[in-house]
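Examination of the molecular architecture
Letter by letter, the chains look like this.
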Amino acid sequence: MPDPHDPLPRGFFDRPVLEVAPDLLGRLVVHRTADGDVTARLTEVEAYDGPNDPGSHAYRGRSKRNGTMFGPPGHVYVYFTYGMHHCMNLVCGPPGLPTGVLLRAAEITDGVHLARKRRLAAKSDRELARGPARLVEALAVSRGDDGADVCGDGPLTVHHGTPPPPGLICRGPRVGLRGAADFPWRFWIDGEPTVSVYRPHAPRRATG
DNA sequence: GGCACGATCGGCT
DNA sequence: GCCGATCGTGCCC
């Protein structure tokens, strides 16, 4: 039985994305920086199935932005969106198949004080990493981390943690995607206060 | 607690 | 040009 602090091996990510996504719940993402360490226990994730998935950045093929998704598993794809936010995916599957898991929410289990300094807008600890862009900010992950190996000796790693009992794993529609083509590829831990509320899609921009 | 809306810019058509 | 794998604020229960 693995120690919760053991890192996940690359083989963990070298599986079909719909297998990896629910298995990431309860795992620990650790980022070591000069300021200190922050640990996030994953409570909500979403699978993106590359070429078969209209919601995926990789659906229309490789581009300068999404190149990391086409690389080997166990690396992090970081992208910029809405003109001001970053989100992070963990790349899955064999190299060349651009699948990944978006990390949507987590509970900060270590380094809370540091996370609060990075997330001054958070009114409570549960808001520190509730939402994909908040999670990235709490961990101080940035565009410069795009492509980093999370299975090696680098500052960003994923550890075994404690997976929830299977009965607590829920599954439903993804968040923030426009259009009818959607799939129940969001996974979360039942009863977790850090799980973000479901929104059918981003609100339309107001006219005028 | 929920809901509506503006911010802000890179990537893609 | 258009729009996004979003967030924070303001307002109202």
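The structure under discussion appears in the preceding block.
Presented here is a report on the structure given in the accompanying data block. Computed from a prediction, not measured in an experiment: that's the story for all the values here.

Helix and strand counts for chain A come out as four helices and eight strands. Secondary structure of chain A in N-to-C order comes out as α-α-β-β-β-β-β-α-α-β-β-β. Taken over the C-alpha trace, chain A has a radius of gyration of 16 Å; the compact-globule value for 208 residues is 17 Å, and the two agree within 12%. Summarising its shape, the C-alpha atoms of chain A cover approximately 45 × 40 × 35 Å along the three principal directions. Taking all 208 residues of chain A together, 50% fall into the buried category. Sequence-distant contacts, at least 24 apart, represent 61% of the contacts inside chain A between residues at least 6 apart.

Leaving glycine aside, a negative phi is the common case for residues, and trans is the common case for peptide bonds. Despite not being glycine, Tyr82 shows a phi value in the positive range, around 55°. Tracing the chain through its elements places Tyr82 in the loop between β3 (76-81) and β4 (85-92). Assessed through its relative accessible area of 58%, Tyr82 is described here as exposed. For Ala140, which is not glycine, the phi dihedral falls at a positive 60°. Following the sequence through the fold, Ala140 ends up in the loop between α4 (132-139) and β6 (156-159). Taking relative accessible area as the criterion, Ala140 reaches 31% and is therefore assigned partly exposed.

Within the largest apolar cluster, 40 residues are counted, with the highest numbers of intra-cluster contacts made by Phe13, Leu24, Met88, Val101 and Leu103. Sorting elements by how many residues they give to this core places strand β2 (residues 36-48) first, with five residues. Core analysis: the next-biggest nonpolar cluster, separate from the first, contains 10 residues, Met69, Tyr77, Tyr79 and Leu177 among them.

The subject of this paragraph is the pairing of β2. In terms of burial, β2 is a largely internal element, 12 of the 13 residues being buried. The pairing of strand β1 (residues 28-33) with β2 spans six bridges and is classified as antiparallel. Across the sheet, Arg32 pairs through a bridge with Asp37, a residue of β2. Connecting β1 to the antiparallel partner β2 that follows it, the hairpin turn spans two residues. Relative to strand β8 (residues 186-189), β2 runs antiparallel, the two being bridged by three bridges.

What follows is about the pattern of salt bridges. Opposite charge on two side chains permits pairing when their charged atoms draw close. The full count for this structure, using the stated rule, is 14 salt bridges. For the salt bridge of Arg10 with Asp149, the shortest nitrogen-to-oxygen distance reads 2.9 Å. Taken together, the residues span a long stretch of sequence, with Arg10 in helix α1 (residues 10-13) and Asp149 in the loop between α4 and β6 at a distance of 139 residues. Residue Asp149 is classed as partly exposed on the basis of its relative accessible area, which comes to 26%. Where Asp23 meets Arg27, a salt bridge forms, and the shortest distance between an N and an O atom there is 2.8 Å. Owing to a relative accessible area of 23%, Asp23 belongs among the partly exposed residues under this scheme.

Its location among the elements puts Thr157 in strand β6. For Thr157, a relative accessible area of 4% translates into the label buried. At 2.8 Å, the side chain of Thr157 forms a polar contact with the side chain of His159. Beyond its immediate stretch of four places on either side in the chain, Thr157 contacts Leu28, Val29, Val30, Arg32, Val150 and Gly152.

Analysis parameters
- Numbering of residues starts from 1 in each chain and follows the order in which that chain's sequence is written.
- Key to labels: chains lettered from A, ligands numbered from 1, both in the order written.
- This being a predicted model, a pLDDT of at least 70 is required before a residue's local features are given, and a value of 80 or more before pairs of side-chain atoms are given or counted; all residues contribute to the totals for chains, interfaces and linings.
- The basis for the side-chain values is all heavy atoms of the structure; hydrogens and waters are excluded.
- Numbered from the N terminus, helices here are DSSP runs of H or I no shorter than four residues, and strands are runs of E no shorter than two.
- Computation of the radius of gyration draws on C-alpha atoms, with the globule rule given as 2.2 Å multiplied by the number of residues to the power 0.38.
- Relative accessibility decides the category of a residue: with a 1.4 Å probe and only protein chains considered, values under 20% of the type maximum give buried, values over 50% give exposed, and everything between is partly exposed.
- By definition, residues are in contact when any of their heavy atoms lie within 4.5 Å.
- Throughout, nonpolar core names a set of buried Ala, Val, Leu, Ile, Met, Phe, Trp, Tyr and Cys residues whose side chains join them through atoms within 4.5 Å.
- Any two strands with at least two DSSP-identified bridges between them are counted as paired.
- Here a salt bridge means any side-chain nitrogen of Lys or Arg lying within 4 Å of a carboxyl oxygen belonging to Asp or Glu.
- Any N or O atom pair separated by 3.5 Å or less is treated as a polar contact, with the protein-specific requirement of one donor-capable and one acceptor-capable atom, and with residues adjacent in sequence counted only for side-chain atom pairs.

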